[in-house]
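Next come the chains, spelled out residue by residue.
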Amino acid sequence: MEPCFFIIGAIFGSFFNVCIYRLPRKISIVSKRSFCPNCTHQIRWYDNIPILSWIFLLGRCRDCKERIPIRYPLVELITGFVFLYLGILYGISLNYLIWLFFFSLLIIIAFIDIETFFVLDKIVYPGIIAGIVLSLTIWETIDHILGFSLGIG
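Residues numbered from 1 in each chain as written. Predicted model: local features only at pLDDT ≥ 70, side-chain atom pairs only at ≥ 80, totals over all residues. Heavy atoms only, no water.

### A closer look at the pattern of salt bridges
The line we're drawing: A pairing counts as a salt bridge when a side-chain nitrogen of Lys or Arg comes within 4 Å of a carboxyl oxygen of Asp or Glu. For helices the rule is a DSSP run of H or I covering at least 4 residues; for strands it is a run of E covering at least 2, with both sets numbered from the N terminus onward.
On inspection of all chains with the given rule, the structure shows five salt bridges. Here Asp47 makes a salt bridge to Arg44, at a shortest N to O gap of 3.9 Å. Here Arg71 and Glu115 are joined by a salt bridge, their closest N and O atoms 3.3 Å apart. Remark: Glu115 occurs in helix 4 (residues 94-116) and Arg71 occurs in helix 3 (residues 71-90); sequence separation between them is 44 residues. Three or more residues joined by partner-sharing salt bridges are found here, namely Arg44, Asp47, Arg62 and Asp63.

### Points about the layout of surface pockets
Stated precisely, the cut-off is as follows: The rule is simple: put a 1 Å grid over the protein atoms alone, call a set of points where a 1.4 Å probe fits but cannot get out a cavity, call an open set with protein on both sides within 12 Å along at least five of seven lines a pocket, and count a residue as lining if it has an atom within 4 Å of a point. Grid points are joined across faces, edges and corners, and a volume is the space filled by probe spheres set on the points. For this scheme, ten residues count as nonpolar: Ala, Val, Leu, Ile, Met, Phe, Trp, Tyr, Cys and Pro. Four count as charged, namely Asp, Glu, Lys and Arg, and the remainder, Gly too, count as polar.
The volume enclosed by the second largest pocket comes to roughly 160 Å³. Residue lining of the second largest pocket: Cys4, Phe5, Ile8, Phe12, Phe16, Phe83, Tyr96, Leu97, Leu100, Phe101 and Ser104, and that is the complete set. Counting only elements with at least two residues in the lining of the second largest pocket, the list comes to helix 1 (2-22) and helix 4. Split by residue class, the lining of the second largest pocket holds 10 nonpolar, one polar and no charged.

### Quick notes on the side chain of Arg71
Note the following rule: Partly exposed describes any residue whose relative accessible area lies between the buried limit of under 20% and the exposed limit of over 50%, with all areas from a 1.4 Å probe on protein chains only and scaled to the type maximum. A 3.5 Å cut-off defines polar contacts: any pair of N or O atoms within that distance qualifies, except that in protein one atom must be a possible hydrogen donor and the other a possible acceptor, and neighbouring residues in sequence count only when both atoms are side-chain atoms. The contact rule is simple, with two residues in contact once any of their heavy atoms fall within 4.5 Å.
The exposure class of Arg71 is buried, given its relative accessible area of 11%. A distance of 3.1 Å separates the side chain of Arg71 from the side chain of Tyr72, its partner in a polar contact. If we ignore the near neighbours within four places in the chain, the residues touching Arg71 are Asn17, Ile20, Tyr21, Phe111 and Glu115.

### As for the environment of Leu57
Take Leu57: it is sitting in the loop between helix 2 (52-56) and helix 3. Classification of Leu57 by relative accessible area gives buried; the value is 18%.

### Here we look at unusual backbone geometry
Of note in the backbone geometry, Ile51 takes a positive phi value of approximately 65 degrees without being a glycine. The phi dihedral of Lys65 is positive, around 65 degrees, even though this residue is not glycine. Here Lys65 is to be found in the loop between helix 2 and helix 3.

### Quick look at empty space enclosed by the protein
What the rule picks out here adds up to one cavity of 30 Å³ or more. Its volume calculated, the largest cavity comes out at about 440 Å³. Every residue lining the largest cavity is counted, 29 residues in all, and those nearest its centre are Ile43, Asp47, Asn48, Ile68 and Tyr72. Counting only elements with at least two residues in the lining of the largest cavity, the list comes to helix 1, helix 2 and helix 3. Of the residues forming the lining of the largest cavity, the biggest block, five residues, is contributed by helix 1.

### Details of the side chain of Ser34
Relative to the assigned elements, Ser34 resides in the loop between helix 1 and helix 2. Within the structure, Ser34 has its side chain in polar contact with the side chain of Asn48 (distance 3.5 Å). In contact with Ser34, other than residues within four places in its own chain, are Val18, Arg22, His41, Gln42, Ile43 and Asn48.

### Let's talk about helix 4
We apply this condition: Each residue after the first adds 1.5 Å to the expected span of a helix.
Compared with the 33 Å implied by 1.5 Å per residue over 23 residues, the 33 Å span of helix 4 between its first and last C-alpha is a close match. What helix 4 keeps buried is the set Tyr96, Ile98, Leu100, Phe102, Ser104, Leu105, Ile107, Ile108, Ile109, Phe111 and Ile112. On its buried side, helix 4 packs onto helix 1, helix 3 and helix 5 (121-137). Among the residues trailing helix 4, Phe117 stands out with phi positive, at a value near 65 degrees.

Honestly, that's just the spatial picture; any functional story needs more than this.
Laid out in C-alpha coordinates, this is it:
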(Lines give C-alpha, C1' and ligand atoms only; values in the text may rest on other atoms or scores of the structure.)
Protein backbone atom coordinates (compact mmCIF):
# COMPACT_ATOMS: atom_id res chain seq x y z
CA MET A 1 0.00 0.00 0.00
CA GLU A 2 2.85 2.41 0.81
CA PRO A 3 4.17 2.69 -2.77
CA CYS A 4 0.69 3.80 -3.83
CA PHE A 5 0.88 6.76 -1.45
CA PHE A 6 4.15 7.87 -3.05
CA ILE A 7 2.94 7.38 -6.65
CA ILE A 8 -0.30 9.26 -6.04
CA GLY A 9 1.71 12.00 -4.30
CA ALA A 10 4.06 12.32 -7.27
CA ILE A 11 1.06 12.64 -9.59
CA PHE A 12 -0.37 15.39 -7.38
CA GLY A 13 3.10 16.97 -7.35
CA SER A 14 2.93 17.16 -11.13
CA PHE A 15 -0.34 19.07 -10.83
CA PHE A 16 1.19 21.29 -8.13
CA ASN A 17 3.91 22.19 -10.66
CA VAL A 18 1.16 23.38 -12.99
CA CYS A 19 -0.24 25.54 -10.18
CA ILE A 20 3.22 26.86 -9.22
CA TYR A 21 3.95 27.92 -12.79
CA ARG A 22 0.53 29.16 -13.87
CA LEU A 23 -1.14 30.82 -10.88
CA PRO A 24 1.36 33.71 -10.55
CA ARG A 25 1.15 34.23 -14.32
CA LYS A 26 -2.68 34.20 -14.24
CA ILE A 27 -2.87 31.24 -16.65
CA SER A 28 -5.76 28.79 -16.23
CA ILE A 29 -4.81 25.58 -14.46
CA VAL A 30 -7.58 23.58 -16.12
CA SER A 31 -8.16 24.78 -19.67
CA LYS A 32 -4.75 24.21 -21.27
CA ARG A 33 -2.72 21.01 -21.42
CA SER A 34 0.82 21.02 -20.07
CA PHE A 35 3.36 22.84 -22.19
CA CYS A 36 7.07 23.62 -22.20
CA PRO A 37 7.67 26.94 -20.43
CA ASN A 38 10.37 27.76 -23.01
CA CYS A 39 8.91 26.89 -26.42
CA THR A 40 5.25 26.49 -25.29
CA HIS A 41 5.01 23.20 -27.25
CA GLN A 42 2.37 20.89 -25.79
CA ILE A 43 3.96 18.12 -23.71
CA ARG A 44 3.19 14.59 -24.88
CA TRP A 45 1.52 12.29 -22.33
CA TYR A 46 4.59 10.03 -22.15
CA ASP A 47 6.81 13.03 -21.44
CA ASN A 48 4.59 14.00 -18.51
CA ILE A 49 5.17 11.03 -16.20
CA PRO A 50 6.18 12.39 -12.79
CA ILE A 51 9.92 12.22 -12.01
CA LEU A 52 10.70 9.56 -14.66
CA SER A 53 10.11 11.74 -17.72
CA TRP A 54 12.46 14.42 -16.41
CA ILE A 55 15.15 11.76 -15.86
CA PHE A 56 14.66 10.08 -19.26
CA LEU A 57 14.69 13.44 -21.06
CA LEU A 58 17.83 14.41 -19.10
CA GLY A 59 16.04 17.49 -17.81
CA ARG A 60 15.43 18.93 -21.27
CA CYS A 61 12.40 19.61 -23.44
CA ARG A 62 12.02 17.02 -26.21
CA ASP A 63 11.26 19.75 -28.76
CA CYS A 64 13.41 22.81 -28.01
CA LYS A 65 16.12 21.01 -25.96
CA GLU A 66 16.07 23.79 -23.35
CA ARG A 67 16.59 22.82 -19.72
CA ILE A 68 13.53 22.03 -17.65
CA PRO A 69 14.12 23.37 -14.13
CA ILE A 70 14.99 20.87 -11.38
CA ARG A 71 11.99 22.27 -9.50
CA TYR A 72 9.66 19.99 -11.48
CA PRO A 73 10.96 16.61 -10.26
CA LEU A 74 11.80 18.12 -6.86
CA VAL A 75 8.17 19.14 -6.24
CA GLU A 76 7.02 15.70 -7.41
CA LEU A 77 9.49 13.95 -5.09
CA ILE A 78 8.67 16.12 -2.09
CA THR A 79 4.94 15.68 -2.63
CA GLY A 80 5.38 11.93 -3.08
CA PHE A 81 7.28 11.65 0.19
CA VAL A 82 4.76 13.86 2.04
CA PHE A 83 1.89 11.65 0.82
CA LEU A 84 3.89 8.55 1.79
CA TYR A 85 4.83 9.84 5.25
CA LEU A 86 1.30 10.95 6.08
CA GLY A 87 -0.07 7.67 4.69
CA ILE A 88 2.21 5.67 6.98
CA LEU A 89 1.37 7.94 9.91
CA TYR A 90 -2.43 8.08 9.51
CA GLY A 91 -3.44 5.47 6.94
CA ILE A 92 -6.40 6.40 4.79
CA SER A 93 -8.41 8.49 7.21
CA LEU A 94 -9.93 11.92 7.70
CA ASN A 95 -6.72 13.09 9.40
CA TYR A 96 -4.75 11.94 6.36
CA LEU A 97 -6.92 14.02 4.03
CA ILE A 98 -6.83 17.07 6.29
CA TRP A 99 -3.04 17.06 6.60
CA LEU A 100 -2.66 16.39 2.86
CA PHE A 101 -4.71 19.50 2.18
CA PHE A 102 -2.55 21.72 4.40
CA PHE A 103 0.79 20.28 3.27
CA SER A 104 -0.29 20.56 -0.37
CA LEU A 105 -1.07 24.25 0.13
CA LEU A 106 2.29 24.73 1.84
CA ILE A 107 4.20 23.07 -1.00
CA ILE A 108 2.49 25.26 -3.60
CA ILE A 109 2.92 28.41 -1.51
CA ALA A 110 6.59 27.69 -0.77
CA PHE A 111 7.60 27.08 -4.39
CA ILE A 112 5.65 30.06 -5.72
CA ASP A 113 7.33 32.18 -3.05
CA ILE A 114 10.79 30.83 -3.97
CA GLU A 115 10.19 31.58 -7.64
CA THR A 116 8.35 34.93 -7.45
CA PHE A 117 8.84 36.26 -3.88
CA PHE A 118 5.04 36.51 -3.60
CA VAL A 119 2.50 34.54 -1.60
CA LEU A 120 -0.84 34.46 -3.37
CA ASP A 121 -3.94 35.21 -1.30
CA LYS A 122 -6.03 32.82 -3.38
CA ILE A 123 -3.94 29.95 -1.97
CA VAL A 124 -3.55 31.24 1.60
CA TYR A 125 -7.21 32.12 2.24
CA PRO A 126 -8.59 28.59 1.70
CA GLY A 127 -6.05 27.34 4.24
CA ILE A 128 -7.06 29.96 6.77
CA ILE A 129 -10.77 29.23 6.29
CA ALA A 130 -10.21 25.45 6.50
CA GLY A 131 -8.13 25.90 9.66
CA ILE A 132 -10.82 27.98 11.34
CA VAL A 133 -13.61 25.59 10.33
CA LEU A 134 -11.63 22.54 11.50
CA SER A 135 -10.75 24.26 14.78
CA LEU A 136 -14.41 24.93 15.45
CA THR A 137 -15.61 21.47 14.46
CA ILE A 138 -13.12 18.60 14.58
CA TRP A 139 -9.97 19.68 16.39
CA GLU A 140 -9.52 20.62 20.02
CA THR A 141 -10.74 24.18 19.71
CA ILE A 142 -8.98 25.98 22.54
CA ASP A 143 -5.41 25.03 21.51
CA HIS A 144 -5.97 26.00 17.90
CA ILE A 145 -7.73 29.28 18.69
CA LEU A 146 -4.88 30.17 21.07
CA GLY A 147 -2.31 29.33 18.36
CA PHE A 148 -4.26 31.28 15.75
CA SER A 149 -4.50 34.29 18.08
CA LEU A 150 -0.78 34.20 18.87
CA GLY A 151 0.01 33.89 15.16
CA ILE A 152 -2.10 36.92 14.29
CA GLY A 153 -0.62 38.87 17.20
